[in-house]
Amino acid sequence: MSRFRLQPSPAQEAALLEHCGHARFVWNLAVEQHAHWKRGRKSAPGFAEQCRQLTEARAAFEWLRAGSVTVQQQALKDFHQAMANFFGKSHRKPTWRRRGQGEGFRIVAVKPGDVRRISRNVGEVKIPKVGWVRFRWSRPVAEAKSYRMTRDAAGRWHVAFAAVPEPIPAPGTGEVVGADRGVAVSAALSTGELLNAPGLRDTEKKRLLRLQRKLAKAKRGSNRRGKVKAAIARLKARETDRRKDWVEKTSTDLARLFDVIAVEDLKISNMTRSARGTVEAPGKNVRQKAGLNRGILANGWGQLVTRLEQKAPGRAQKINPRFTSQTCNACGHRAAESRENQSRFGCVACGHQAHADVNAAKNIRDTAAGHAVAARGGSALAKPVNREPQRDLLLMG
């Protein structure tokens, strides 16, 4: 998906919001229909039946008939696909949509003349019942049969064309790189580079804190509260944009420079789960865990791996992270005591000193390259530390 910033006029923005409202209304009706289904009852209506019901609803309600039938039918189509993904166990069950959150709609059957360029940096896209809406032509626009209009929490509009970009070809050098993701360092590479995802500046963090305090004191439903929420959304959108930009540039560089990119196989959704617990069994260190969760998400762990898999399909390998931070890359000795602190690694066997994350990244790289040798004897869960055969000795033998 290639996304571009829309530049609608005030009148066009009002029309786009009407389309979003119609798509949200149709989606929520479909959610309500499926919410009544229980095991043993007649199945909920499918896409064809819901389209027939939509035709009857448009004939009965003028405000719905005034909208675009394409937008409304595609909302049903999107819901049908979301349910198929849910039953296929690849996505969660679709839920209610709220105004101001995840606003958007999709247009299909796009013709070549529905997108045109009017200047070096400005293009136009044709939207039913809205007309030609300008967008910033920041890079080449691929031909697509559909596109989606979205509005984020900061009030910005975007158009995303459904076109799959070509993968980045491998350099063919045979180089393998390992990447260890962390909170203090977003990604440490086996080459020794330490990469950090940019976030808010110190002044922006202070402003965000002041705004959050204002929001806590503002009366619900007041204009002041709405302005404060909009200001907070703009700050958070700025942080999100910087993180996405870093992910795109970093993933592109790695895909261009290395044949194989090895990363840890982490269950991020489980790692960022709340520690709040229940009333009967309340959690411990809830605030500390919440801060860790924010740190993990702010470093774009999942986004980086997702983009690597898309840009370098088949070349991004997920490696079991077990003991990668406790194993010395120089001699292969494994001991928890070698990890002195967050950033320092000092092998208790050979005295090798290194940055802890870089040492782990090198272990990940070696595992992906097939250089790592499993420790002899004992169980993987056993307490005693095993010594791995050194590569030099293996080569001599």
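Up top is the structure these notes are about.
About the criteria used
- Residues numbered from 1 in each chain as written.
- Predicted model: local features only at pLDDT ≥ 70, side-chain atom pairs only at ≥ 80, totals over all residues.
- Heavy atoms only, no water.
- Helix = DSSP H or I, 4+ residues; strand = E, 2+ residues; numbered from the N terminus.
- Buried < 20%, exposed > 50% of the residue type's maximum accessible area, 1.4 Å probe, protein only.
- Contact = heavy atoms within 4.5 Å.
- Areas by Shrake-Rupley, 256 points an atom, 1.4 Å probe, with all protein chains shown as cover.
- Pairing = 2+ DSSP bridges.
- Axes fitted to C-alpha atoms, helices over the stretch in contact; angles between N-to-C directions.
- Core = buried A, V, L, I, M, F, W, Y, C linked by side-chain atoms within 4.5 Å.

Let's shift gears to the overall build of the protein chain. The number of helices and strands found in the protein chain is 11 helices and 14 strands. C-alpha atoms of the protein chain, sized along the principal axes, occupy 80 × 55 × 55 Å. Burial analysis of the protein chain (397 residues in total) assigns 38% to the buried set. The contacts of the protein chain with a sequence gap of at least 6 include a subset with a gap of at least 24, amounting to 61%. If you sum the accessible surface of the protein chain, you get close to 24,000 Å²; carbon and sulfur atoms cover 52% of it.

What follows covers the sheet that holds strand E6 (residues 147-151). Taking strand neighbours across the sheet as the criterion, the 4 strands line up as E1-E7-E6-E2 in an open arrangement whose pairing is antiparallel. A single partner strand is all that each edge strand has here, and the edge strands are strand E1 (2-5) and strand E2 (103-107). Between one strand axis and the next, the sheet turns by 20° as a mean value, whatever way the strands run. For E1 and strand E7 (residues 157-161), the ladder comprises 4 bridges, and the chain directions are antiparallel. Opposite Arg5, over in E7, you have His158 as the bridge partner.

Next up on the list: the pairing of E7. Two faces belong to every sheet, and in a regular strand the side chains alternate between them. Of all 5 residues in E7, 5 are buried; the element is thus mostly enclosed. What you see with E7 is no split at all: Trp157, Val159 and Phe161 on one side and His158 and Ala160 on the other are buried throughout. With 5 bridges connecting them, E6 and E7 associate as antiparallel partners. Along E7, the bridge assignment pairs Tyr147 with Phe161.

One open sheet holds the 5 strands; their spatial order is E10-E9-E8-E11-E12, and the pairing between them is mixed. Looking at the sheet topology across the chains shown, the edges are occupied by strand E10 (194-195) and strand E12 (316-319). Pairing geometry for strand E11 (residues 260-264) and E12, over 4 bridges, is parallel. Its bridge partner lying in E12, Glu264 is registered against Ile319. On the sheet, helix H10 (residues 356-369) packs against strand E8 (176-181), strand E9 (187-189), E10, E11 and E12 and is oriented at approximately 135° with respect to E8.

This brings us to the nonpolar core. Nonpolar side chains in soluble globular proteins tend to be buried together. One finds Leu6, Phe105, Ile127, Phe135, Tyr147 and Val159 to be the most contacted residues of the largest nonpolar core, which totals 34 residues. When residues of this core are traced back to their parent elements, those giving at least two are helix H1 (10-35), helix H2 (47-60), helix H4 (69-87), E2, strand E4 (122-127), strand E5 (131-136), E6 and E7. Here this core gets 7 residues from one element, more than from any other, and that element is H1. The next biggest cluster of nonpolar side chains, apart from the first, holds 18 residues, and it includes Ala187, Val247, Phe258 and Ala312.

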